[in-house]
Amino acid sequence: DTEVTQTPKHLVMGMTNKKSLKCEQHMGHRAMYWYKQKAKKPPELMFVYSYEKLSINESVPSRFSPECPNSSLLNLHLHALQPEDSALYLCASSQEGGLAGSTDTQYFGPGTRLTVL
Amino acid sequence: AQTVTQSQPEMSVQEAETVTLSCTYDTSESDYYLFWYKQPPSRQMILVIRQEAYKQQNATENRFSVNFQKAAKSFSLKISDSQLGDAAMYFCAHNAGNMLTFGGGTRLMVKP
């Protein structure tokens, strides 16, 4: 089973709202990722969690706050977003983290389509 | 830094025919994987095929196969017997550490 689930599928929020995106995997993977994808562009890495610790933050604005409550769950808390943050947010997971990631395969969830008004 | 280049923004193929999508990459790593992901309009990124850099044999998955030329840093995807369901964006990707670097994507259209 290579399933990564994400909720919600769609989210519309105002610039003053606080919302959260959720990602879950039950494959025993130890690395989890958040990507942002704009239309007709490849995904851009935002955060990487390896063994439940934040290992990579690609200079993401603080209005995006990741959280990894346990090895199966990954959240992305959103606050005071801008319209330009509207995008598809993809979660992924892989078996290993850290240096072993070079030979790792990332499996993606279906994404959350976020619209910021 | 790793870079991945897909030189074909769009490709078109007749149903049941064969099409090849191109990808070149640059890396300083000696051990890595290469991937092709498919993203249909439903938007989920689906793993199509992967190639381990240390393996000389080209990977195959049913109608999908790759032509991996390590010295030339080339990694093309061949789709045989194209089906309407193959229509999607295809992304080539390279893995270094936890960093997955994507190419710009190729939109494949399948004509009935």
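In this report, we go over the structure that sits alongside the text. In this text the structure is predicted, and so the values were computed from the model without any measurement. (Residues numbered from 1 in each chain as written. Chains lettered and ligands numbered in written order. Predicted model: local features only at pLDDT ≥ 70, side-chain atom pairs only at ≥ 80, totals over all residues. Heavy atoms only, no water.)

1. Here's the deal with the environment of Lys22 of chain A
Residue and element names in this part refer to chain A. Summarising the element assignment, Lys22 is placed in strand E3 (residues 18–25). Exposure remark for Lys22: the relative accessible area of 37% places this residue in the partly exposed category. Apart from the residues within four sequence positions on either side, Lys22 is in contact with Thr5, Gln6, Thr7, Trp34, Leu73, Leu74 and Asn75. (Helix = DSSP H or I, 4+ residues; strand = E, 2+ residues; numbered from the N terminus. Buried < 20%, exposed > 50% of the residue type's maximum accessible area, 1.4 Å probe, protein only. Contact = heavy atoms within 4.5 Å.)

2. Thoughts on the state of the cysteines
With the rule as written, the count across this model stands at 2 disulfides over all chains. Across the disulfide, Cys23 of chain A is cross-linked to Cys91 of chain A (sulfur-sulfur distance 1.9 Å). Because the sign of the S-S torsion sets the handedness, a value of about -70° for the bond joining Cys23 of chain A and Cys91 of chain A places this disulfide among the left-handed ones. Linking Cys23 of chain A in strand E3 with Cys91 of chain A in strand E9 (residues 87–94), this pair joins segments that are 68 residues apart in sequence. Side by side, Cys23 of chain A and Cys91 of chain A carry an identical accessibility label, which is buried. What pairs with Cys23 of chain B in a disulfide is Cys92 of chain B, and their sulfur atoms sit 2.0 Å apart. An S-S torsion of about -70° defines the bridge between Cys23 of chain B and Cys92 of chain B as left-handed. Residue Cys23 of chain B is found in the loop between strand E3 (19–21) and strand E4 (24–26), and its partner Cys92 of chain B is found in strand E10 (residues 88–96); the two are separated by 69 residues along the sequence. A single burial state applies to Cys23 of chain B and to Cys92 of chain B, both of which are buried. (Disulfide = S-S within 2.5 Å.)

3. Concerning the sheet that holds strand E1 (residues 4–7) of chain A
All names here are of chain A. Read from one edge of the open sheet, 4 strands run E1-E3-E8-E7, paired in antiparallel fashion. Two strands bound the open sheet, and with one partner strand each, they are E1 and strand E7 (64–70). Mean inter-strand twist for the sheet, computed between neighbouring axes without regard to direction, equals 20°. Bridge analysis of E1 against E3 gives 4 bridges, and the strand direction is antiparallel. Bridge assignment links Thr7 to a residue of E3, and that residue is Lys22. (Pairing = 2+ DSSP bridges. Axes fitted to C-alpha atoms, helices over the stretch in contact; angles between N-to-C directions.)

4. Side note on the packing of aromatic side chains
Taken as a whole and assessed by the stated rule, the structure comprises 13 aromatic pairs over all chains. Considering the side-chain rings of Phe35 of chain B and Tyr37 of chain B, the 5.9 Å spacing of their centres and the 35° angle between planes classify their relative orientation as tilted. In this pair, the class of Phe35 of chain B matches that of Tyr37 of chain B, namely buried. By the ring-pair criterion, three or more aromatic residues cluster together here, those being Tyr33, Tyr35 and Phe108 of chain A together with Tyr33, Phe35, Tyr37, Phe91 and Phe102 of chain B. (Phe/Tyr/Trp six-rings, centres within 6.5 Å; stacked < 30°, edge-to-face > 60°.)

5. A few points about the pairing of strand E8 (residues 73–79) of chain A
Successive side chains on a regular strand alternate, one facing one side of the sheet and the next facing the other. Residue and element names in this part refer to chain A. Taken across its 7 residues, E8 has 5 buried, putting it largely inside the fold. With 7 bridges joining them, E3 and E8 adopt antiparallel strand pairing. Residue Leu21 lies in a different strand from E8, and its bridge partner there is Leu76. Bridge analysis of E7 against E8 gives 5 bridges, and the strand direction is antiparallel.

6. Re the side chain of Ser93 of chain A
All names here are of chain A. Here Ser93 lies in strand E9. In terms of polar contacts, Ser93 uses its side chain to reach the side chain of His29, at 2.8 Å. Those residues in contact with Ser93 that lie beyond four places of it in its chain are Val4, Gln25, Met27, His29, Ala31, Met32, Tyr33, Thr105, Gln106 and Tyr107. (Polar contact = N/O pair within 3.5 Å; in protein donor to acceptor, adjacent residues only side chain to side chain.)

7. Some words on the pattern of salt bridges
Close approach of charged atoms lets side chains of opposite charge pair. Residues and elements named next belong to chain B. Following the criterion strictly, the structure yields 6 salt bridges over all chains and no others. Between Lys55 and Glu52 there is a salt bridge, with the nearest N and O atoms lying 3.4 Å from each other. Residue classification places Lys55 among the partly exposed positions, given a relative accessible area of 38%. Here Asp86 and Arg63 are joined by a salt bridge, their closest N and O atoms 2.8 Å apart. Highlighted residues: Asp86 in the loop between strand E9 (74–79) and E10 and Arg63 in the loop between strand E7 (60–61) and strand E8 (64–69), separated in sequence by 23 residues. Here Asp86 and Arg63 have matching classes, each one buried. (Salt bridge = Lys/Arg side-chain N within 4 Å of Asp/Glu carboxyl O.)

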